[in-house]
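Chain by chain, the residues run as shown.
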Amino acid sequence: MSRPSDHYDAGKPGFEASTRTAPRGSKPRGAAARILAPLRAIWTWLTSMRTAIILLLLLAIAAVPGSLVPQTSSDPNGVTQYFTDHPDTAPVLEQWGMFDVYSSWWFSAIYLLLFVSLVGCILPRTAHHLRALRSKPPRTPARLERLDAYATVRLDERWLGREGEIVDLARKQLRSRRYRTELFETPERGKRAATISVSAERGYLRETGNLIFHTAMLGVIIAVGVLSGFNWHGQRVLVEGQTYVNGLVSYSSFTPGRFFTPSQIPGFSLGLDKLDVTYETENENAIGIPIDYTAHVTVQHPGEEAYTDTVRVNDPLRMDGTDTYLLANGYAPTITVRDPDGNEVFHDSVVFIPQDTQLTSTGVVKVPDGLAEQVGFVGFFYPTAQQLDSGAYTSVHQDLLDPMLTLNVYTGDLGLDDGIPTSVYRLDTENMTQVAGRGTDVEGVTLRPGETVELPNGLGSITMDAEVPRYASFDVHRDYTRVPVAVCVFLAIAGLIASLLVPRRRAWVKVQRSGDGLLVEFAGLARGEDPQLARAINELVDACTQQLVSLKNPAAADSARDKS
C-alpha cells in the first residue's frame, strides 16, 4: 500500500515512498471506475490534513455569530428584545439560524465534515506510523555525498581490516543519541569496493506528536458534540435567609442539554445566610466601588449534617459534580400590604433588579387578593437616594446609606387568572389603571425603612420593613465536558510541541577501502527544514574521531580528517 502524499516519508531523497503501478495491458473498469474516480478524489481531498485545518478554521469563524447575536438556548429574552429592536433584520437572521447557531444546519455540516476529515486523516496515518515504527532503518544510499549534510574522515593503511570495529563505534555513538540503527554490508562488485555501514534514524516522536495533536482535537470535538448534550444549568435567586432544595421546580430558569434527564440533578439544599460586600474606602478615586462579594451559605445533603461554606465571584462552590457560581446581587426590601382593617394580605421580600452601577433598582409588587381590587406596584429602590435637579431620584452609592423606595400604584386585572405564565419582574398595565405616581394627580408612594404609608382610594396601607435584606443570584452548572476537554487540550499542546520541536533525521556512517587506507563517510538527511542537521553530523564526526584516538592503535592519532 502506498503512503499518503502528506506522509512524512513522501517526496524526499532517502525518504522514498513505495508506489503501486498497474500491470501492463490492464484496461479501465468502465462506468464503475468513472463513478468511483470522482468519489475517491473527493474522499482524498476531504481526508487530507490541509482540509482538516481549513474546516477547523471555518468552524471557528462559524462560531463567531453565536457571540454577537443572542441565542435562544442561553438568552431567550435577548432574542425577543432583538426582534423588538430590529424588526427588519431579525426574521432574516432567524431564517439562517443565527439565533440558534450551534444547532443550525450549516454549523452542523462543518462540524460533521471536520469530524469525518479528522477520522479519515488519523486512521491511515496511524496505521502507516505503526508500520514505520516496526520497520528497520533503510539501506545506506550508494552516494552519500548527495545528501544534505556530508563529512569524511580518511584513515591510513594501518586501519585496514578494522572496518567492523569502526562501524560498531559509530553505531554506539548513534544509539547514545537515541537513533535506531541497523548494520548493512555490501560485497565487492566490479570496481566498487566492499562497504560496511550503519543506517540510523530518529524523530518518530514528531509524527507521534502530530497524531496525538489531531487525535486530541478529535477528542475535543466528540466531547463538545456528545457530552455537552448531558450538561445543564439553572439559575436561582435567593434572599438572605431563604433556602432552596435542588430540583427542577426550584429554579427560576433552567437550560437542559439535549440528553438531560431529571435524575442527573443531585439532591441537596442551599441557603443564603448572608451576603457580604466589601467597598473601597482608601482610594479617593474609587471610594464606594465594590471590591469583593462573599455569599455565606449553608449546604445540606440528605441524611447528612449541614455545613457552611462561601461562594465568591470566580470562586464557585463545588459539590456533587456541580459548580454553584455567584452572579448578580442587589436588594430585596421586605414589603407588607394590609387592607383597610389592618389585615395582612401580602408580605414578602421583593427582588429589585439593578439598573446602574450604584444599584438603582426596579421591581414589581403584585397583590391579587385581599383588597377591594387587584393592585400592582411598579417602583424604584435607591440604596443611597439623592434628588437631581429635575426632581427625579438616583442612587449615589451601593450601600444602604439613605435607602428609599418609590412606587407607582395600579389597579385592575393583573392577568394572573388567565393561566398564562407571567414574569414576576414585569407588570402588564394594559388592563390596569394608574391611580398614583408620575402622570397622575396623586403622588406616588415614597417609603423609607420602617415607614408605613396609606394607599390611595382607601385601598389599605403599605409598609417597608426596617431591615433591607440583600439577595444573590446563583448559577448551578453541571459540565460533563470540562475534564475530557482539559485532558484533550493538554494532549494537543504536548503533541504540538513534540511535532514542532523534535527533528526527523536519518544518518549514515559508511566505511570502505579507498586507495591504501579507509574512507569513513558521514551523512545526514532531514525532513523539512532542519538548521541543526549539519551541526549534528559534525558533532557525530567529532565524537567518533575522539573514540578512534582512544583506541589501542596509536596510529589513529595521525589520521587526517577532512570535512566538507
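About the cut-offs
- Residues numbered from 1 in each chain as written.
- Predicted model: local features only at pLDDT ≥ 70, side-chain atom pairs only at ≥ 80, totals over all residues.
- Heavy atoms only, no water.
- Helix = DSSP H or I, 4+ residues; strand = E, 2+ residues; numbered from the N terminus.
- Contact = heavy atoms within 4.5 Å.
- Phe/Tyr/Trp six-rings, centres within 6.5 Å; stacked < 30°, edge-to-face > 60°.
- Buried < 20%, exposed > 50% of the residue type's maximum accessible area, 1.4 Å probe, protein only.
- Pairing = 2+ DSSP bridges.
- UniProt positions renumbered as here; feature names shortened; annotations may be inferred.
- Patch = residues over 30% accessible without salt bridge, like charges linked within 9 Å, V, L, I, M, F, W, Y side chains within 5 Å.
- Areas by Shrake-Rupley, 256 points an atom, 1.4 Å probe, with all protein chains shown as cover.
- Salt bridge = Lys/Arg side-chain N within 4 Å of Asp/Glu carboxyl O.
- Lys, Arg positive; Asp, Glu negative; His and termini not counted.
- Charge placed at Lys NZ, Arg CZ, Asp CG, Glu CD.
- Axes fitted to C-alpha atoms, helices over the stretch in contact; angles between N-to-C directions.

Quick look at the environment of Pro 137
Then, number 1: In this structure, Pro 137 sits in the loop between α6 (105–134) and β1 (149–155).
Then, number 2: In sequence terms Pro 137 and Ser 390 are 253 residues apart; their C-alpha atoms lie 88 Å from each other.
Then, number 3: Setting aside chain neighbours within four positions, we find Pro 137 in contact with Arg 180, Thr 181, Glu 182, Phe 184, Ser 199, Ala 200 and Glu 201.

A word on the packing of aromatic side chains
Then, number 1: With the rule as written, the count across this model stands at 17 aromatic pairs.
Then, number 2: Ring plane angle 55 degrees and centroid distance 5.2 Å describe the contact between Phe 254 and Phe 260, whose orientation is recorded as tilted.
Then, number 3: Taking the relative accessible area as the measure of exposure, Phe 254 reaches 21% and is therefore partly exposed.
Then, number 4: What makes Phe 260 buried here is its relative accessible area of 16%.

Remarks on the pairing of strand β12 (residues 334–338)
Then, number 1: Counting buried residues in β12 gives 4 out of 5 residues, a clear majority hidden from the surface.
Then, number 2: Pairing geometry for β12 and strand β13 (residues 344–349), over 5 bridges, is antiparallel. Across the sheet, Thr 334 pairs through a bridge with Ser 349, a residue of β13.
Then, number 3: Bridge analysis of β12 against strand β23 (residues 461–464) gives 4 bridges, and the strand direction is antiparallel. From the neighbouring strand, Arg 338 faces β23, where its bridge partner is Ser 461.

Section: the environment of Thr 357
Then, number 1: Summarising the element assignment, Thr 357 is placed in the loop between β14 (353–354) and β15 (361–367).
Then, number 2: For the pair Thr 357 and Ser 395, spaced 38 residues apart in sequence, the C-alpha to C-alpha distance is 9.2 Å.

Comments concerning the UniProt feature "transmembrane region" (unreviewed entry) in the protein
Then, number 1: UniProt's feature table lists "transmembrane region" (unreviewed entry) at residues 42–64, 105–124, 211–232 and 483–503, given in the numbering used throughout.
Then, number 2: In this annotation, residues 105–124 is assigned 100% helix and 0% strand; the end-to-end C-alpha distance for the span is 29 Å.
Then, number 3: Annotation note: span residues 483–503, helix share 90%, strand share 0%, distance between end C-alpha atoms 32 Å.

Thoughts on a nonpolar patch on the surface
Then, number 1: On the surface, a cluster of nonpolar side chains totalling about 570 Å² of accessible area is made up of Trp 43, Phe 115, Val 116, Ile 222, Val 226, Phe 230 and Phe 259.
Then, number 2: Mapped onto the elements of the fold, Ile 222 is located in helix α8 (residues 204–225).

As for a negative patch on the surface
Then, number 1: Negative charge collects at one region of the surface, where Asp 369, Asp 413, Asp 417, Asp 418, Asp 428 and Glu 430 lie side by side.
Then, number 2: By the secondary structure assignment, Glu 430 is in the loop between β19 (404–412) and β20 (432–436).

Quick word on the environment of Phe 474
Then, number 1: Tracing the backbone shows Phe 474 in strand β24 (residues 470–478).
Then, number 2: For the pair Phe 474 and Ser 117, spaced 357 residues apart in the sequence, the C-alpha separation amounts to 41 Å.

Quick look at the sheet that holds strand β4 (residues 232–239)
Then, number 1: Read from one edge to the other, the open sheet built from 5 strands follows the order β6-β4-β24-β11-β10, with strand pairing classed as antiparallel. The open sheet has two edge strands with one neighbour each: β6 (253–256) and β10 (317–319). Each strand of the sheet is rotated relative to its neighbour by a mean of 20 degrees, with strand direction disregarded.
Then, number 2: Direction of pairing for β4 relative to β6: antiparallel, over a ladder of 4 bridges. Within β6, the residue paired with Gly 234 across the bridge is Phe 254.

Here we look at the side chain of Ser 117
Then, number 1: Following the sequence through the fold, Ser 117 ends up in helix α6.
Then, number 2: Residues in contact with Ser 117, not counting those within four places in the same chain, are Leu 46, Thr 47, Ser 48, Thr 51, Ala 52 and Leu 55.

Some words on the sheet that holds strand β9 (residues 307–312)
Then, number 1: One open sheet holds the 4 strands; their spatial order is β5-β7-β8-β9, and the pairing between them is antiparallel. At either margin of the open sheet sits one strand with a lone partner, and together these are β5 (243–245) and β9. Mean inter-strand twist for the sheet, computed between neighbouring axes without regard to direction, equals 30 degrees.
Then, number 2: Inspection of the sheet shows strand β7 (residues 269–279) paired to strand β8 (residues 290–300) by 10 bridges, in the antiparallel sense. The partner of Asp 276 across the bridge, within β8, is Thr 294.

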